[in-house]
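Listed here are the chains, written in short residue letters.
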There are 2 protein chains.
Amino acid sequence: MNRGPLYPPIERLPAPFKSSELQQLLDGEHGSIRELVRRMISRPDFAYYSGTDTEEYRDQVLRWTRTVAQMGLGKIFLGRSVGGEEDLPKFMAVFETLSFHDISLVIKVGVQFGLFAGSIQRLGTEYHHQKYLSDAASAKLLGCFAMTEIGHGSNVQSLETVARYEQAQGCFVISSPTLGSRKTYIGNAGRDGSIATVFAQLEIEGKGQGVHAFLVPIRDENGVPLPGVTIQDNGLKMGLNGVDNGQIWFDHVTVPREHLLNRYANVTEEGQYQSEIQSAGKRFFSMIGTLVSGRISLAASANSIAKSALTIAIRYAARRRQFGPPDAAQETLLLDYPTHQRRLFPFLANVFALDFALKHLVNENAREQTGDSRQLETLAAGLKAFTTWNTTATLQICREACGGEGYLSVNRLAALKADSDVYTTFEGDNTVLLQLVAKNLLTDLKEKMKPMRKTRLASFFVDQKLAILSKRNPFLAFNTLNLHLRDPGFHLMMLRLRESAQLVSCAEEFMKLTNGKKMDPYSAFTAMQRPLLDLAEAHVEREVLELFVQKMMTIQSESLKSPFRQLCCLFALSRIELHRAWYLENGALSGIKSRAVCRTVDDLCAELRPIAVHLVDSFGIPESCLAAPIAR
Amino acid sequence: MNRGPLYPPIERLPAPFKSSELQQLLDGEHGSIRELVRRMISRPDFAYYSGTDTEEYRDQVLRWTRTVAQMGLGKIFLGRSVGGEEDLPKFMAVFETLSFHDISLVIKVGVQFGLFAGSIQRLGTEYHHQKYLSDAASAKLLGCFAMTEIGHGSNVQSLETVARYEQAQGCFVISSPTLGSRKTYIGNAGRDGSIATVFAQLEIEGKGQGVHAFLVPIRDENGVPLPGVTIQDNGLKMGLNGVDNGQIWFDHVTVPREHLLNRYANVTEEGQYQSEIQSAGKRFFSMIGTLVSGRISLAASANSIAKSALTIAIRYAARRRQFGPPDAAQETLLLDYPTHQRRLFPFLANVFALDFALKHLVNENAREQTGDSRQLETLAAGLKAFTTWNTTATLQICREACGGEGYLSVNRLAALKADSDVYTTFEGDNTVLLQLVAKNLLTDLKEKMKPMRKTRLASFFVDQKLAILSKRNPFLAFNTLNLHLRDPGFHLMMLRLRESAQLVSCAEEFMKLTNGKKMDPYSAFTAMQRPLLDLAEAHVEREVLELFVQKMMTIQSESLKSPFRQLCCLFALSRIELHRAWYLENGALSGIKSRAVCRTVDDLCAELRPIAVHLVDSFGIPESCLAAPIAR
């Protein structure tokens, strides 16, 4: 009775490379802190909460957050004057590795250290650093980042909360004038936070000075909201129920003048507004430029989540059999079905591609200190959108690939899916972010074009691209040789072509629409939303491929070269396949070559099949974090 | 302080048609039973459960299920001899309307009445009907449908549970020989069920007779598992936590000979196996052919869920403003952004298209009584896969379109998403179902081709299609006139072309692979998975469009003609757009025409914008069921 295993063992074929070597490569320069985090989240006190009681879950997540703080992980990026290491990339490596564990913890850590402490670090000055950062980093002082309002999420510039300077008392009075101006979805607000960085419209003697950040105490030491502060729990959410999100609103709450986080602008006792940044727009973007680090961290976290899901789904596919040839000794492994490979492996290539792109971005971000680099902002916005959507899609496919097992909470995909679904929305809605990317690209182009007459340069530019393409080889669109189809040079050319052609056509369209003031720029951008989003996507894909190819070139290990080539090629060709309609429309692919691209994607999937399990092993996700019985 | 509304009113422009008239049309012939269900689910005792305690939630769902039974809704499709109306379409209309409410209730109702009572009705004979059906229909006897095992979900033919006939005692002995043979995900098993329809391999004197269904009591009147029966709760799931799914396994459990549901096969007291169906394969498919009704009901339910989500997202978009022209009096409604329209409206067209296709299928199913119609099986499998995937995609877009609000449980999308995610898996995994569709189409083709030499007919067939296409108009691939692009004749031709070309190329590929026994059919089908899935999708889309166009032709109301034309055109063109790479590869679209198709989709979205709110109003979803504050 009841013989045999519940699940047969996971098939592990002889590996042509060491997954530990690949893991080392993925871990990169922050290997030791990643190992420390892995050990921490593997400890018995980090066993997942499996109940349904929200308060218990929040308690658990708060305890974990305090442990993270005790291990000194919350202060890594802070200044040395408050005991930090000023090492943002290292903090981001912690955040990324922590994302193999419970995602409520990840977000609570992000709110407490990244957003709350981070806002004081970046928007405040020495006074604030000394006064708050030690307690914030040790989680003694729990705080919120109160930016979003019910009426305004993406459009931060139009927030309605007001901070009026009262010269007589030398203080700011914070108020929520409308129902829509209530702060909402604020992490740490629902229960634990005692202070908040509040973004509000600064008003001095009736004159608006734009959005600024203020430190506003919200609860006393007993956790009771302070006078004038009303707090309401956001209630149950799709996921992340270990985080206490809430609404906060203010009825003439007074804070001293020193509570303005005054790195970029100050108000003197006499009510004089001072800022070294002259342009109000630039000042605003410097202040919310701090969101860039949040976007990067979130993208890295999303990619870790995709890695967990792929590990579960691919391991399950390497043990689960269903159907098979008549009279076969056993049924066929799911991993041997072409459809199954086709559904999972392009996403496997994506997480590798994004891993390297995000590491590059982390380093660029650390190098860039001014906070107003358009190039950095563009890449962060683009990668945040691309990565988080990729994770959402990966989770859906992985859940379906695990069938009914994927639906059971014990197999973890349910929580990963529910928790990460909001990633495409917070720290900037993806659709809005991609429009930002496209606008920045157009601005770059405009600046490049300044010395020449606009229309002429634009047409010169696209002509040149197409000329290069066809000059190289007039039969390019018909070249279906395998070597050519797998050539990174071909891939780069195709992705560059799509980006530059779309950039120029967007620029021309914009000029056409706005010429002679026919349309204001806002209306023109709105009318052009679809091509702008395509442009942004093309840009991100091209960036990711460039970085992947660059990384591939640096691989020294002989045994890793082949999987790198295959993954990079699969990433590139599956993007070309996805957009082959565009290439066909524009004559850059013939029908015959387009079909050859699809077949090569099939071939690459078949080639990855024997090493797929080793590839996911290389993510180094602790077994206790994977948790799923179907994957262990 | 805190002036103004939390959410501004939903914008409702003057309507060019009455949404009540459209609702009447959607409700169809079962309008009165739909109204009855709407009234029931709007009652205060049907207020949603908003807590997190699984037992409380299950209690609530069980109470609702009993109410559904008390209202006589569970017996509508049963035979008249047990008080039913023998009206399966009417029961499906109930199920579809109920899907505007809590989805755990929908599934519990599906398990208790559709699957459990349904299996007795369809697989049993008069003895079983008289003995069990009244109590099943009144929910006095709660039962399970125990088919799926841990090791075998999709491959029902390889189930491992055994039912051995013991002639001496005149009984069957039910056993679960392996761990993988445990029945799992069985609704009503976790807590409430006292009997189960168990699918097991019938064995008589050591000889296997294939899968048959047996009634097996599993709990006594106190809810304690009977001797030999072990039951284990499936635990928390991604959604549907109001349903008590569980595992069941059997250690030599004895049931009398009469417990075999013996409509298609019987075992005499002497252990003689008897069946009017000679072929074992055909017998098996007759028995699991009862799943067809389940697939149809589930697809209809999925479409209702998509309607709820679209209603919430479109109403929110008609009140939520974000960004806008500089110095405008107010920001722009989300519904006015082309991207927002583009993301939501094709799904709006899809639910209308699928509504009519599913109603057709419901009627075809009622007409077909033998249970082994290949055509019906094909359409049911195809529409189940297409509709449930469409619902999953719709929910994702709607959640994102509602931003952070969409993530809050109170706005209902979280539950709809989590509950319906498994629809793509149960009652047949979608990928497996689409392969079934493709195989059936190839079998149909083979039968049609019998009189002629195979290869010749195939090439004749595709030549003819392409000849017709180019004969009609040699410049067809370049015709970008608006009237042509919006012509249903053009749409039908394109969708038919894709289906028939893919059918023929799959047939040719299959013959090539299997010719001279190079490959067995199973391996050939496996190698061809990607083109087979494309073929199946092309088939379903063509069927849906045919039915939508047919429906459109019957519209009498002048004011409804225009929205029908727009929705039908948007459905067709967004499918052509999605597959435009295929058309470009095969010369059926030029680049210029392909771009014109995309632009026409843009135009249609803009045209639907003023009536989008009225269109979702026509679904007639009770306000209390929508529940979401952002949509009310």
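Residues numbered from 1 in each chain as written. Chains lettered and ligands numbered in written order. Predicted model: local features only at pLDDT ≥ 70, side-chain atom pairs only at ≥ 80, totals over all residues. Heavy atoms only, no water.

Undergrad: Where do I start with the sheet that holds strand β4 (residues 183-186) of chain A in this structure?
TA: Strand pairing in a sheet is mediated by backbone hydrogen bonds. Such pairs are either parallel or antiparallel. Residue and element names in this part refer to chain A. Across the sheet, three strands lie side by side as β4-β8-β7; this open sheet has antiparallel pairing. Of all strands in the sheet, those bounded by a partner on one side alone are β4 and β7 (229-233). Direction aside, neighbouring strands of the sheet carry axes that sit 20 degrees apart on average. (Pairing = 2+ DSSP bridges. Helix = DSSP H or I, 4+ residues; strand = E, 2+ residues; numbered from the N terminus. Axes fitted to C-alpha atoms, helices over the stretch in contact; angles between N-to-C directions.)

Undergrad: Where do I start with the pattern of salt bridges in this structure?
TA: Pairs can form between side chains of opposite charge once their charged atoms are near each other. Scanning all chains against the criterion turns up 87 salt bridges over all chains. Across the pair Arg342 of chain A and Asp602 of chain A runs a salt bridge, and its minimum N-O distance is 2.7 Å. Linking Arg342 of chain A in helix α9 (residues 338-367) with Asp602 of chain A in helix α21 (residues 591-608), this pair joins segments that are 260 residues apart in sequence. For Arg12 of chain B, the salt bridge identified is with Asp617 of chain B, shortest N-O distance 3.0 Å. Of this pair, Arg12 of chain B sits in the segment before α1 (19-27) while Asp617 of chain B sits in helix α22 (residues 612-617), placing them 605 residues apart in sequence. Residue Asp617 of chain B is classed as buried on the basis of its relative accessible area of 18%. Members of the salt-bridge network, linked through shared partners, are Glu55, Arg58, Asp59, Lys108, Arg191, Asp192, Asp233 and Asp244 of chain A. (Salt bridge = Lys/Arg side-chain N within 4 Å of Asp/Glu carboxyl O. Buried < 20%, exposed > 50% of the residue type's maximum accessible area, 1.4 Å probe, protein only.)

Undergrad: It is not clear to me how the side chain of Arg315 of chain A should be interpreted in this structure. Could you clarify?
TA: Residue and element names in this part refer to chain A. With respect to the helices, strands and loops of the structure, Arg315 is situated in helix α8 (residues 291-317). Judged by relative accessible area, Arg315 falls into the buried class, the value being 6%. The contact partners of Arg315, leaving out residues within four places of it in the chain, are Ile10, Arg12, Leu310, Asp617, Glu623, Leu626 and Ala631. (Contact = heavy atoms within 4.5 Å.)

Undergrad: In this structure, what is going on with unusual backbone geometry? I would like to understand it.
TA: The general pattern is negative phi for most residues beyond glycine and trans for most peptide bonds. With a phi angle near 65 degrees, Phe323 of chain A is a residue other than glycine that sits in the positive phi range. On the basis of relative accessible area, Phe323 of chain A is assigned to the partly exposed category, the value being 28%. Although it is not a glycine, Ala139 of chain B adopts a positive phi angle of roughly 65 degrees. One can find Ala139 of chain B in the loop between α6 (126-137) and β1 (143-146). Residue class for Ala139 of chain B comes out buried when judged on its relative accessible area of 0%.

Undergrad: Help me out: how do you make sense of the interface of chain B and chain A in this one?
TA: The accessible area lost on association of the parts is a frequent measure of interface size. Each partner contributes to the interface: chain B provides 92 residues, whereas chain A provides 92 residues. Where chain B meets chain A, there are eight salt bridges. We note a salt bridge from Asp421 of chain B to Arg399 of chain A, for which the minimum N-O separation is 2.6 Å. Linking chain B to chain A there are 59 residue pairs in polar contact (both at pLDDT 80 or more). (Polar contact = N/O pair within 3.5 Å; in protein donor to acceptor, adjacent residues only side chain to side chain.)

Undergrad: What exactly am I supposed to notice about the nonpolar core here?
TA: Most often, soluble globular proteins have nonpolar side chains that are buried together. Ranked by size, the top nonpolar core spans 365 residues in total, and within it Ile174, Phe345, Leu348 and Phe352 of chain A together with Phe345 and Phe352 of chain B carry the most contacts. Setting aside residues no more than four positions away along its own chain, Phe352 of chain A makes contact with Leu22, Leu26, Phe548, Leu567, Leu615, Ser618 and Phe619 of chain A. The next biggest cluster of nonpolar side chains, apart from the first, holds 26 residues, and it includes Phe172, Ile174, Phe214 and Ile218 of chain B. (Core = buried A, V, L, I, M, F, W, Y, C linked by side-chain atoms within 4.5 Å.)

Undergrad: Is there a simple way to think about the sheet that holds strand β4 (residues 183-186) of chain B in this case?
TA: Residues and elements named next belong to chain B. Read across the sheet, three strands follow the order β4-β8-β7 without closing on themselves; strand pairing throughout is antiparallel. At either margin of the open sheet sits one strand with a lone partner, and together these are β4 and β7 (229-233). On average, each strand axis in the sheet is tilted by 20 degrees relative to the strand beside it, whichever way the strands run. Taken together, the five bridges between β7 and strand β8 (residues 246-250) define a ladder with antiparallel strand orientation. Within β8, the position partnered with Thr230 by the bridge is Trp249.

Undergrad: Is there a simple way to explain the state of the cysteines in this structure?
TA: Linking two cysteines covalently via their sulfur atoms produces the bond known as a disulfide. All names here are of chain A. Per the counting criterion, the structure on display carries zero disulfides over all chains. Sulfur of Cys568: no disulfide; nearest cysteine sulfur belongs to Cys569 and is 7.5 Å away. With relative accessibility at 2%, the residue Cys568 sits in the buried group. (Disulfide = S-S within 2.5 Å.)

Undergrad: Explanation requested: the relation of the copies chain B and chain A in the structure shown.
TA: Screw-axis analysis of chain B against chain A gives a translation of 0.0 Å along the axis, an RMSD of 0.0 Å, and a rotation angle of 180 degrees. A rotation of that kind, with that shift, is consistent with a two-fold axis. When each C-alpha of chain B is compared by its distance to the rotation axis, Ala581 of chain B comes out closest, at 2.1 Å. A shared interface surface links the copies, since 100% of the contact residues of chain B are contact residues in chain A too. (Least-squares fit on C-alpha atoms with pLDDT ≥ 70 in both.)

Undergrad: Quick question: what am I supposed to make of helix α1 (residues 19-27) of chain A here?
TA: Each α-helix turn comprises 3.6 residues. Residues three or four places apart therefore point the same way. Residues and elements named next belong to chain A. Here α1 has its buried residues at Leu22, Gln23, Leu26 and Asp27. Down the axis of α1, the sector holding all buried residues measures 140 degrees, keeping them to one side. In this fold, the buried residues of α1 make contact with α2 (31-41), α9, α19 (558-578) and α22 (612-617). Gly28 occupies a position one or two residues after α1 and carries a positive phi of about 65 degrees. (Arc of directions from axis to C-beta.)

Undergrad: What am I meant to see in the side chain of Thr378 of chain B here?
TA: Residue and element names in this part refer to chain B. Topologically, Thr378 is positioned in helix α10 (residues 374-401). A relative accessible area of 3% places Thr378 in the buried class. The contacts of Thr378, once residues within four sequence positions are left out, are Val437, Asn440, Leu441 and His539.

Undergrad: Could you clarify how one ought to interpret helix α9 (residues 338-367) of chain B in this entry?
TA: Residues and elements named next belong to chain B. Under the 1.5 Å per step criterion, the end-to-end length of α9 is 44 Å for 30 residues, consistent within 8% with the ideal 44 Å. By the largest-angle criterion, Leu344 marks the main kink of α9, which is about 25 degrees, and a proline, Pro346, follows within four residues. Counting buried positions along α9 gives 24 out of 30 residues, so the element sits mostly inside the fold. (Expected span 1.5 Å × (residues − 1). Bend = angle between axes of the 7 residues up to and from the residue.)

Undergrad: What exactly am I supposed to notice about the pairing of strand β3 (residues 171-175) of chain B here?
TA: Looking along a regular strand, one sees side chains alternate from face to face of the sheet. Residue and element names in this part refer to chain B. Among the five residues in β3, five count as buried, and that is most of the element. Side chains Cys171, Val173 and Ser175 of β3 all project onto a buried face; the interleaved residues Phe172 and Ile174 project onto the opposite face, where all are buried too. Connecting the antiparallel pair strand β2 (residues 162-166) and β3 is a turn made up of four residues, with Gly170 showing a positive phi of about 60 degrees.

Undergrad: Can you help me understand the packing of helix α13 (residues 430-449) of chain B against helix α18 (residues 529-553) of chain B in this one?
TA: Geometry of a packed helix pair, given as the angle between the helix axes and the separation of the axes. Residues and elements named next belong to chain B. Running from N to C, α13 and α18 cross one another at 80 degrees; their axes reach a closest spacing of 8 Å. On the basis of the axis angle, α13 is roughly perpendicular to α18. Residues Thr431, Leu434, Gln435, Val437, Ala438, Leu441 and Leu442 of α13 form the contact with α18, whose own contacting residues are Gln529, Leu532, Leu533, Leu535, Ala536 and His539. Of the residues that constitute the contact of α13 with α18, the class distribution is nine nonpolar, four polar and no charged. (Parallel < 35°, antiparallel > 145°, perpendicular 65-115°, else oblique. Nonpolar A, V, L, I, M, F, W, Y, C, P; charged D, E, K, R; others polar.)

Undergrad: I'm lost on the packing of aromatic side chains in this one. Help?
TA: The description of an aromatic ring pair rests on the distance of the ring centres and on the angle between the ring planes. Residues and elements named next belong to chain A. All told, the structure shown has 30 aromatic pairs over all chains when counted by the stated rule. Taken together, a centroid distance of 4.7 Å and an interplanar angle of 25 degrees make the contact between Phe510 and Phe525 stacked. Remark: Phe525 occurs in helix α17 (residues 521-527) and Phe510 occurs in helix α16 (residues 488-514); sequence separation between them is 15 residues. In this structure Phe525 comes out as buried when scored by relative accessible area, which is 15%. (Phe/Tyr/Trp six-rings, centres within 6.5 Å; stacked < 30°, edge-to-face > 60°.)

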